[in-house]
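Here is how the chains run, residue by residue.
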Amino acid sequence: MELSLFPLDSIGSIIRVHLERDELIQRLSRTNAELAALIDNTPAVVYLKDPDGRYILVNDEFERQMGTPRAEVLGCTPAAVHDEAFAELIEEHDQVARDRGEPVEFTETMVTDGVVRTYLSIRVPLFDDTGELYAMYGISTDITTQTELGEQNKRLLDRMTDAFFALDTDWQFTYLNETAEDILDRSADELLGTTLWEAFPEAVDTTFETKYKDAMRTQESVTFEEYYPELDAWFDVRAYPSPSGLSVYFYDITDRKRQREALAHREETLREMQDIIADRARSFDEQVRDLLALGRSELGTAYGSLSTIRGDEYIFEFVDADDDSIKEGDVVPLSATNCEIAASNEETLVLGDVARDAPGETDRAGYAEWGIACYIGAPVYVGNHVYGTFCFYDTEPKSGQFADWEVTLVDLMSRWVTYELERQRTTERLERQNERLENFASIVSHDLRNPLNVLSGSIELAEETGGAEQFERCYRAIERMEALIEDLLALARSGESISALEAVSLEAVTRDSWQTVDVGEATVSITAEGSIEADRTRLQQLLENLMHNSVEHGSTGSRAPPGDAIEHGGENVTVTVGDLPDGFYIEDDGPGIPPSDREQVFESGYTTSQSGTGFGLSIVKSIADAHGWTVKIVEGTDGGARFEFTGVDRPVA
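None of these values were measured; they are calculated from a predicted model.

S.K.: So what exactly am I meant to see when it comes to the overall build of the protein chain here?
M.R.: Counting its secondary structure elements, the protein chain contains 22 helices and 23 strands. For the protein chain, with 653 residues in total, the buried portion stands at 48%. Look at the contacts in the protein chain between residues 6 or more apart in sequence, and 56% of them connect residues 24 or more apart.

S.K.: Teacher, can you tell me more about a nonpolar patch on the surface here?
M.R.: A cluster of nonpolar side chains, contributed by Phe-471, Tyr-475 and Ile-478, occupies part of the molecular surface with about 300 Å² of accessible area. With respect to the secondary-structure elements, Ile-478 resides in helix α19 (residues 468-494). Since its relative accessible area comes to 33%, Ile-478 is described here as partly exposed.

S.K.: How should I be thinking about the sheet that holds strand β18 (residues 523-526) in this particular structure?
M.R.: Read across the open sheet, the five strands follow the order β18-β20-β21-β23-β22; overall the sheet is mixed. In this open sheet, the two strands that pair with only one neighbour each are β18 and β22 (630-635). Looking at each pair of strands side by side, their axes are set apart by 20° on average, direction ignored. Looking at chain direction, strand β21 (residues 583-588) and strand β23 (residues 641-646) are connected through five bridges and run antiparallel. Residue pairing across strands places Tyr-585 opposite Glu-644, the latter belonging to β23. Helix α20 (residues 506-516) rests against β18, β20 (574-580) and β21 of the sheet, and its axis sits at about 175° to β18.

S.K.: How should unusual backbone geometry be read in this particular structure?
M.R.: Leaving glycine out, the prevailing phi sign among residues is negative, and the prevailing peptide bond configuration is trans. Although it is not a glycine, Asp-185 sits at a positive phi angle of roughly 55°. On the basis of relative accessible area, Asp-185 is assigned to the exposed category, the value being 64%. Unusually for a residue other than glycine, Asp-232 sits at a positive phi of about 50°. Note that Asp-232 resides in the loop between β8 (222-228) and β9 (233-242).

S.K.: Looking at this model, I keep getting lost on helix α13 (residues 284-299). Mind explaining?
M.R.: The terminal C-alpha atoms of α13, which comprises 16 residues, lie 22 Å apart, in line with the 22 Å expected from a rise of 1.5 Å per residue. Gly-300 lies just past α13 and shows a positive phi near 70°.

S.K.: Just to check I follow, could you spell out the confidence of the model for the protein chain for this structure?
M.R.: Note: predicted coordinates in regions of low pLDDT should not be interpreted at a detailed level. On average, residues of the protein chain carry a pLDDT of 82, and 80% of them reach 70 or more. Contacts from residues 156-160, a stretch scored under 50 in pLDDT, to residues over four places away or in other chains number 14 contacts. Here residues 555-570 is a poorly scored stretch, pLDDT under 50, and it has 37 contacts once near neighbours within four places are set aside; other chains count.

S.K.: What is the right way to look at the sheet that holds β9 in this model?
M.R.: Picture the strands of a sheet paired through backbone hydrogen bonds; they go either parallel or antiparallel. Spatially, five strands are ordered β7-β6-β10-β9-β8 in an open sheet, and the strand pairing comes out antiparallel. With one partner strand each, in any of the chains shown, β7 (173-176) and β8 form the two edges of the open sheet. Each adjacent strand pair in this sheet contributes to an overall mean axis angle of 25°, direction not counted. Sheet topology places strand β6 (residues 163-168) next to strand β10 (residues 245-252); six bridges connect them, and they run antiparallel. Paired with Phe-165 across the bridge in β10 is Val-248. Lying over the sheet, helix α6 (residues 84-100) contacts β8, β9 and β10, oriented at roughly 145° with respect to β9. Strand contacts of helix α12 (residues 254-278): β8, β9 and β10, with the helix running at about 130° to β9, the strand carrying the most contacts.

S.K.: Help me understand the packing of α12 against α13, please; the structure alone is not making it clear to me.
M.R.: If you want to describe how two helices pack, look at the angle between their axes and the distance between the axes. Where α12 meets α13, the axes come as close as 9 Å, and the angle between the chain directions of the two elements is 170°. By the angle between their axes, α12 is roughly antiparallel relative to α13. Across the interface between the two elements, His-265, Thr-269, Glu-272, Met-273, Ile-276 and Ile-277 of α12 pack against Gln-287, Asp-290, Leu-291, Leu-294 and Glu-298 of α13. Here the residues of the contact of α12 with α13 are counted per class, giving five nonpolar, three polar and three charged.

S.K.: Explanation requested: the state of the cysteines in the structure shown.
M.R.: Covalent bonding between the sulfur atoms of two cysteines defines a disulfide. By the definition in use, this model includes zero disulfides. No disulfide involves Cys-339; its sulfur sits 3.6 Å from that of Cys-391, the nearest cysteine. Classification of Cys-339 by relative accessible area gives buried; the value is 2%.

S.K.: What exactly am I supposed to notice about the packing of aromatic side chains here?
M.R.: Any pair of aromatic rings gets described here by the distance separating the centres and the angle formed by the planes. Taken as a whole, this structure holds 25 aromatic pairs when the rule is applied. Ring geometry for Phe-390 against Phe-392: centres 5.6 Å apart, planes inclined by 75°, an arrangement best described as edge-to-face. Phe-392 matches Phe-390 in its accessibility class, with the two residues each being buried. Among the aromatic side chains, those forming a connected cluster through ring pairs are Phe-165, Phe-173, Phe-200, Phe-235 and Phe-250. Just above the ring of Tyr-251 sits the side chain of Arg-100; from NZ or CZ to the centre is 5.4 Å. The aromatic ring of Tyr-585 is capped on one face by Arg-642, whose charged end is 3.7 Å from the ring centroid.

S.K.: It is not clear to me how the pattern of salt bridges should be interpreted in this structure. Could you clarify?
M.R.: Where charged atoms of side chains with opposite charge meet at close range, the side chains can pair. On inspection of all chains with the given rule, the structure shows 33 salt bridges. Salt-bridge contacts for Arg-54 lead to Asp-52; the nearest nitrogen and oxygen are separated by 3.3 Å. Looking at Asp-52, the relative accessible area reads 56%, which means it is exposed. Two residues, Glu-420 and Arg-280, come together in a salt bridge whose shortest N-O distance is 3.5 Å. Of this pair, Glu-420 sits in helix α17 (residues 404-446) while Arg-280 sits in the loop between α12 and α13, placing them 140 residues apart in sequence. On the accessibility criterion, Glu-420 (1% relative accessible area) is buried. Classification of Arg-280 as exposed rests on a relative accessible area of 52%. Here the salt bridges share partners, and the residues they tie into one network are Lys-49, Asp-94, Glu-108 and Arg-123.

S.K.: Teacher, can you tell me more about the nonpolar core here?
M.R.: The tendency in soluble globular proteins is for nonpolar side chains to be buried as a group. Counting residues in each nonpolar core, the largest one holds 37 residues, and the members touching the most others are Leu-539, Phe-584, Ile-586, Trp-629, Phe-643 and Phe-645. Going through the elements one at a time, α20, β19 (531-534), α21 (536-553), β20, β21, α22 (616-627), β22 and β23 are the ones with two or more residues in this core. Element by element, the count of residues in this core is highest for α21, at six residues. Apart from the residues lying within four places of it in its own chain, the contact partners of Phe-643 are Leu-546, Phe-584, Tyr-585, Ile-586, Ile-593, Phe-602, Leu-617, Lys-632 and Ile-633.

S.K.: Mind showing me how you'd approach helix α11 (residues 207-218) here?
M.R.: In an α-helix there are 3.6 residues to a turn, and that puts residues three or four apart on one side. Helix length check: α11, at twelve residues, gives a terminal C-alpha distance of 16 Å against a target of 16 Å (1.5 Å per residue), a fit within 8%. Among the structural elements, β6, α10 (196-199), β8, β9 and β10 are those in contact with the buried residues of α11. Count one or two residues on from α11 and you reach Gln-219, which has phi positive near 55°.

S.K.: When you look at the environment of Arg-271 in this model, what are you seeing that I'm missing?
M.R.: Tracing the sequence through the fold places Arg-271 in helix α12. By relative accessible area, Arg-271 is classed as partly exposed at 43%. Reaching out from Arg-271, the side chain makes a polar contact with the side chain of Glu-268 at a distance of 2.7 Å.

S.K.: I'm lost on the environment of Glu-529 in this one. Help?
M.R.: Tracing the chain through its elements places Glu-529 in the loop between β18 and β19. Accessibility expressed as a relative area gives 61% for Glu-529, which makes it exposed. On a C-alpha basis, the gap between Glu-529 and Glu-507 in space is 6.4 Å, while along the polypeptide they are 22 residues apart. With residues near it in sequence (within four places) discarded, Glu-529 still touches Asp-579 and Arg-650.

Each value, and the rule that gives it
- Residues numbered from 1 in each chain as written.
- Predicted model: local features only at pLDDT ≥ 70, side-chain atom pairs only at ≥ 80, totals over all residues.
- Heavy atoms only, no water.
- Helix = DSSP H or I, 4+ residues; strand = E, 2+ residues; numbered from the N terminus.
- Buried < 20%, exposed > 50% of the residue type's maximum accessible area, 1.4 Å probe, protein only.
- Contact = heavy atoms within 4.5 Å.
- Patch = residues over 30% accessible without salt bridge, like charges linked within 9 Å, V, L, I, M, F, W, Y side chains within 5 Å.
- Areas by Shrake-Rupley, 256 points an atom, 1.4 Å probe, with all protein chains shown as cover.
- Salt bridge = Lys/Arg side-chain N within 4 Å of Asp/Glu carboxyl O.
- Pairing = 2+ DSSP bridges.
- Axes fitted to C-alpha atoms, helices over the stretch in contact; angles between N-to-C directions.
- Expected span 1.5 Å × (residues − 1).
- pLDDT = per-residue confidence, 0-100.
- Parallel < 35°, antiparallel > 145°, perpendicular 65-115°, else oblique.
- Nonpolar A, V, L, I, M, F, W, Y, C, P; charged D, E, K, R; others polar.
- Disulfide = S-S within 2.5 Å.
- Phe/Tyr/Trp six-rings, centres within 6.5 Å; stacked < 30°, edge-to-face > 60°.
- Lys NZ or Arg CZ within 6 Å of the ring centre and 35° of its normal.
- Core = buried A, V, L, I, M, F, W, Y, C linked by side-chain atoms within 4.5 Å.
- Polar contact = N/O pair within 3.5 Å; in protein donor to acceptor, adjacent residues only side chain to side chain.

Put into structure tokens, the structure is as follows:
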């Protein structure tokens, strides 16, 4: 007998055209005659149910096959029409089609008066324009005694996305589709006629055995999710019993399950990261080390570090590692590291396998000598320049590449470090500003009061005596106040934040500075080479102040020739400007500065000169602080004063 399936699209089109959700029952009444003429002429069981699962249309074949009059079916749910097991099976299949949102094919077995019937059923969920389900269309064909339909059923089952196998009451395989063969990695020829427990002994004493036997014992379907270790896979399983055996549908949900697990793990990792960075009871050092430990655990690397770049040097500031081959404070050439690439490109560098992903970089010592085979690192910024890198690496390459999630995690960590360093820098700058404000208040109230008192007293005497010397004292007091005010303004400006740095030739700016200072018989020697990152204007001001200091005071020392004013002690001084590994220095061969005075000379108003304001070296210190440099005074090569500036960045080549 040949089965004629009524076209699904035609029925769906009629329903979509003639049915609207809010008028479903009314429209069905008007079109019932048309639909009845169509569906009553097909040998298949045809039915339509509303969103609540109630039958709203059935055909003649439905009445004949189910043995229930149409009047007793319409408006009822499957539970009121069929036996409990079959009704439950129908509702489960409806739910599968509703969840997938597309036509789904099933086999369904029903027992009526002791007769077992098997149907090939198709569910078609119908949705309105808003995506709401307004009806479920179904068509079921009796395939129990039709040999021709057996082969068609096999083809339909093989096209199913779900895997399917059937067992008899002795647990022997009677059928499995191609999807099941692929998932189980066993052919039908191998399995047909063998028992489930012989073919898959690993399933004995597991949830699979328990659930399948429960279904056969109770004749009630079971649904569950379970992991099968032998296939390293998770399955969504639906088993439907019948007096003749068990039909099992299973769907590989491993990817979905692992995605959920991965998402939960990532949420937990982000929560741990948040706990670390939000805990103000931990110091910055502790927070960085905890982030490195968390990152290493998540990425599976042997090393993690926050490093600082100073010119051509790479300094390991914080390290978390399995061994002591790298320690905090270690300094290596920047060119040896992959971090140079991340810093120069100013973007995250991701190398799951250095040899595979960046073969041109394998000549670096980091790969050739230290064996760093995989790397992921992001630049850390302070201001507008790269401070260093936050990175992780290992001596074993990854088989694949770092995942997008892992790259995102490193980016988030590096951005927090950038934010925290910026916050610390801002806090320190505000503290310095507050300190300068206090100094200004002290200077204005003290240093300016003295020349004002002199001016006031001299004016009174001038009025009384008219002596020229009193007017001369007035002029000197005014000049003193002008000098103080000018230096105060310079000091205020020198401590302002620097928004933009540029590559400045130290040799060129030294020569320009020397031209603006009244040097007399003094000479300059320039051994500095290359460029540094600086604000050129303020760097020139710093150099001018130090040159003027050396020429005028002989480095403010106290070893002037007897009878000679100290401010003239450096007339023949030689000033030298040279390079340091992470900065530069300026020194003279004058009398020098005693160690006991070296910290004090940077204080505003400190001077050994009768005419000086005492702000020159304060301005130098303020400019250095604004750049983030450290300045200290040591004894010069020839016994004079030597000012060393460190923490100075050089342009990355």
